[in-house]
Amino acid sequence: MMAKRLPGTSRPLRLSRPPAVALVCLGLFLLCCAFVPRFATFGNIENVLRVASILCVVACGQAVVILLGGIEFSFGASAALASVVTVMALPVLGPVGGLATGGASVIAIGAVNGFLVGRLALPPVIVTLGTLMMASGAAAWLVGGLPIDAPPSAAFSWPARGRVLGVPVPILAALLACAALHLMLAHGRIGRLWYHVGANPVAARLAGLDVTRITTLGYAVAGAFCAVGAIILTSRVASGQPALAPNLPFETIAACAIGGLPLSGGRGRVSQVVFGVLTVAMLNNAVVLINLPVAWQLVLLGLAVLAAVGLQKDWAVLARLARRTDR
Amino acid sequence: MTPRAEGRARFLVAPAAILLAAGLFGVASPGFLSLDNGLSMAGQIWILALLAVGQMFAIAARGFDISVGAVAALSGTLGAMAANAIGLPGLLLAVPVGLACGTVNGWLIGRARFQPIVATLGTLLAVKGLALLVSDDGQVVPLEAAARAAALSFDAVAGLPPLGWAALAAVGLAHVVLRHMLVGRRILMLGSNPEAVALVGAVPWRIEMSAYQLCGAFAGLAGALMTARAGAGLPTEGAGMELQSIAAAVIGGTVLAGGRANVWAVLAGATFVQVVLTGLNLSGVSPFIAQIAVGAVILASGLMDAGLRTLLTRFSRLSPPKGTFR
């Protein structure tokens, strides 16, 4: 899509400045290469990217919700519901139909969240925590609380284990998800509307935007990203797990926060999400390789979120002070 | 409806909901309305009640605390360790641990101006991890004095087990703090109009911090109760409790936009959640369906808050509350 520019405002093509988190990410990468045994091997890097790719797809969805000034806690539970629904639908609809049904259920939950937030102005925390409980209850109820195995088939395991031109499918999916989100945010109409609503919903409403529709669509698109992640996860574990990924919402929110998306909404780029995701994935990987207890993953993730948000606040304060002395 | 009447109506929702739910479950399963079941429930509600009362302080100050479940697990586990080291009163270490977590939350939110969700999400993750670390990757910490702790938490004295009476006293204390003490009044003031707090010469961030400190301390107390009832410190317990506590506080009429709260209504809200859980259990419904019902209760609490807000703006000539545009 070509954006129309006023005469005289056209810019030469240039890469935009990398986000601050890129430096943190690069620093962490070098640290890990230098001090973590077995980190800088081809197999391990591919492993980190594989884990990061699922997180990245879902974090793209979380980013849309955060842009809208919301927060999405129901991702883990709806991914679990999707995996259960997929495996139950498998004998009837086949691998493709099963995965599609599972994905559709995530999108539906997202749309419901978006409607409740956009139309009734309920706080996103309440809404998504409520649907989290309902989705995880429904997932456990459908299978009686126990995981069910999926009959093995090549088509079913393709999303997690397949390769296209040598590139693993999850990594390809992450690249496509980032590209799609970038197109929507930087060049699409809907992205601009999301920024408007996220920055100031009152002004957006006064300007005549249909905030309900834009918000519902945003949460549904977020659900679609999560659905892709859920399909890959389901295919990887080859079973319907009622407790598939309980930390998924926390990790994606952490990735967005570390990437520098303000949780008040209205600002953010895809590159920030990508570097946030890589940082989280490397932290988790390093904890395992150094042989620390896995609980350190949680502690470090929590501290990283607080540190990232704290540093951004300090930058904002410094910038304000600098402007004040300019005057 | 005048704003004052609306304010009172909001605190009557939870008692009315209890009566309605109890009537429905009484019809569905005859055992529900028996005295035995009533007494058993009266012993059960206190963990949720303490968490909900703590959550109420955070919500009244226009915030949230989603770390309460993790804080209760960590402080209950540390309390169990202290109790094993120095005897059963050591369980009370849970309260200062909770207070410490609340202080961190409060400092981050009040002083460093973090959004409540981000700050408490960060502490939720860190505290959850800490609870696993202190307990050797989630091993339960059995109480040596488990028999005495069980007697304190299950054997009714005049209707309630001793720890139930203690929790009731703590809830009463919360009422005194909220209604009659300066810090409670200031927390409500901060919730309804933050600028006013600064104008009367109080320090807003200290008030905000004290709200989260109260929340943390109550979560710690809930953790101690959890440990006493289970006879062991449970480092991985507490997931989902933050949700139930928010639901109970909001059903109990606490305004999500801050500034209005009533401790006894919150207690009724916690009772309502317990009535739903016990009632579904006695009706022979799968516990997973009960989980769906709790989710529905959370959504309903949000809808109730929005509905009452709309009523308020529609039936009074007042302008809508600041920060909302309907």
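Residues numbered from 1 in each chain as written. Chains lettered and ligands numbered in written order. Predicted model: local features only at pLDDT ≥ 70, side-chain atom pairs only at ≥ 80, totals over all residues. Heavy atoms only, no water.

Caption draft 1: A look at the UniProt feature "transmembrane region" (unreviewed entry) in chain A. Residue and element names in this part refer to chain A. Here the UniProt feature "transmembrane region" (unreviewed entry) sits at residues 48-68, 99-118, 125-144, 164-185, 217-238, 244-261, 273-292 and 298-318. Measuring from the first to the last C-alpha atom of residues 99-118 gives 29 Å, for a span that is 100% helix and 0% strand. The annotated region residues 217-238 carries 95% helix and 0% strand content, and the separation between its end C-alpha atoms amounts to 30 Å. (UniProt positions renumbered as here; feature names shortened; annotations may be inferred. Helix = DSSP H or I, 4+ residues; strand = E, 2+ residues; numbered from the N terminus.)

Caption draft 2: Seen up close, helix α4 (residues 68-86) of chain B. Residues and elements named next belong to chain B. Given a rise of 1.5 Å per residue, 19 residues ought to cover 27 Å, and the 26 Å separating the end C-alpha atoms of α4 matches this to within 8%. With 14 of 19 residues buried, α4 is to be regarded as a mostly interior element. Looking at the residues trailing α4, positive phi occurs at Gly87, about 100°. (Expected span 1.5 Å × (residues − 1). Buried < 20%, exposed > 50% of the residue type's maximum accessible area, 1.4 Å probe, protein only.)

Caption draft 3: Quick look at the UniProt feature "transmembrane region" (unreviewed entry) in chain B. Residues and elements named next belong to chain B. The UniProt record marks residues 12-33, 39-59, 66-86, 92-110, 117-134, 163-182, 263-282 and 288-308 with the feature "transmembrane region" (unreviewed entry), using the residue numbering of this structure. What you have in residues 117-134 is 100% helix and 0% strand, and the ends, taken at the C-alpha atoms, are 25 Å apart. Annotated as 100% helix and 0% strand, the span residues 288-308 places its first and last C-alpha atoms 30 Å apart.

Caption draft 4: Looking closely at the packing of helix α8 (residues 162-180) of chain B against helix α13 (residues 263-282) of chain B. Residue and element names in this part refer to chain B. Where α8 contacts α13, the two axes come as close as 9 Å, and the packing angle between them is 140°. Considered as vectors, α8 and α13 are oriented oblique to each other. Residues Leu168, Val171, Gly172, Ala174, His175 and Leu178 of α8 form the contact with α13, whose own contacting residues are Val263, Trp264 and Leu267. Within the contact of α8 with α13, the residues separate by chemical class into seven nonpolar, two polar and no charged. (Axes fitted to C-alpha atoms, helices over the stretch in contact; angles between N-to-C directions. Parallel < 35°, antiparallel > 145°, perpendicular 65-115°, else oblique. Contact = heavy atoms within 4.5 Å. Nonpolar A, V, L, I, M, F, W, Y, C, P; charged D, E, K, R; others polar.)

Caption draft 5: Up close: the environment of Leu234 of chain B. Residue and element names in this part refer to chain B. Structurally, the position occupied by Leu234 is in the loop between β2 (232-233) and α12 (241-251). Look at Leu234 and you get partly exposed, because its relative accessible area is 22%. Separated by 80 residues in sequence, Leu234 and Phe154 have C-alpha atoms that sit 18 Å apart. Not counting chain neighbours up to four residues away, the residues in contact with Leu234 comprise Ala73, Thr77 and Val140.

Caption draft 6: Just the pattern of salt bridges, in detail. Applying the stated criterion to the full structure yields three salt bridges over all chains. Close ionic contact of Arg163 of chain A with Glu46 of chain A constitutes a salt bridge, the shortest N to O distance being 3.1 Å. With Arg163 of chain A in strand β2 (residues 163-164) and Glu46 of chain A in helix α2 (residues 42-67), this residue pair connects regions lying 117 residues apart in the sequence. Residue class for Glu46 of chain A comes out buried when judged on its relative accessible area of 19%. Arg113 of chain B serves as the salt-bridge partner of Glu208 of chain B, at 3.2 Å between the closest nitrogen and oxygen. (Salt bridge = Lys/Arg side-chain N within 4 Å of Asp/Glu carboxyl O.)

Caption draft 7: Fine view of the interface of chain A and chain B. In this complex, chain A contributes 44 residues to the contact, which on the side of chain B involves 43 residues. At the boundary of chain A with chain B, total buried surface from both sides reaches about 3,700 Å², with 83% on carbon and sulfur atoms. In terms of surface lost to chain B, no three residues of chain A exceed Ile126, Met133 and Leu306 of chain A, which account for 18% of the buried area on that side. Residue assignment for the side of chain A that touches chain B shows that the elements contributing at least two residues are α3 (75-120), α4 (124-142), α8 (201-206), α10 (248-259) and α12 (295-326) of chain A. Per-element tally for the side of chain A that touches chain B: the top contributor is α4 of chain A, with 14 residues. A breakdown of the residues in the side of chain A that touches chain B according to their chemical character gives 31 nonpolar, ten polar and three charged. (Buried area = accessible area lost by both parts, 1.4 Å probe.)

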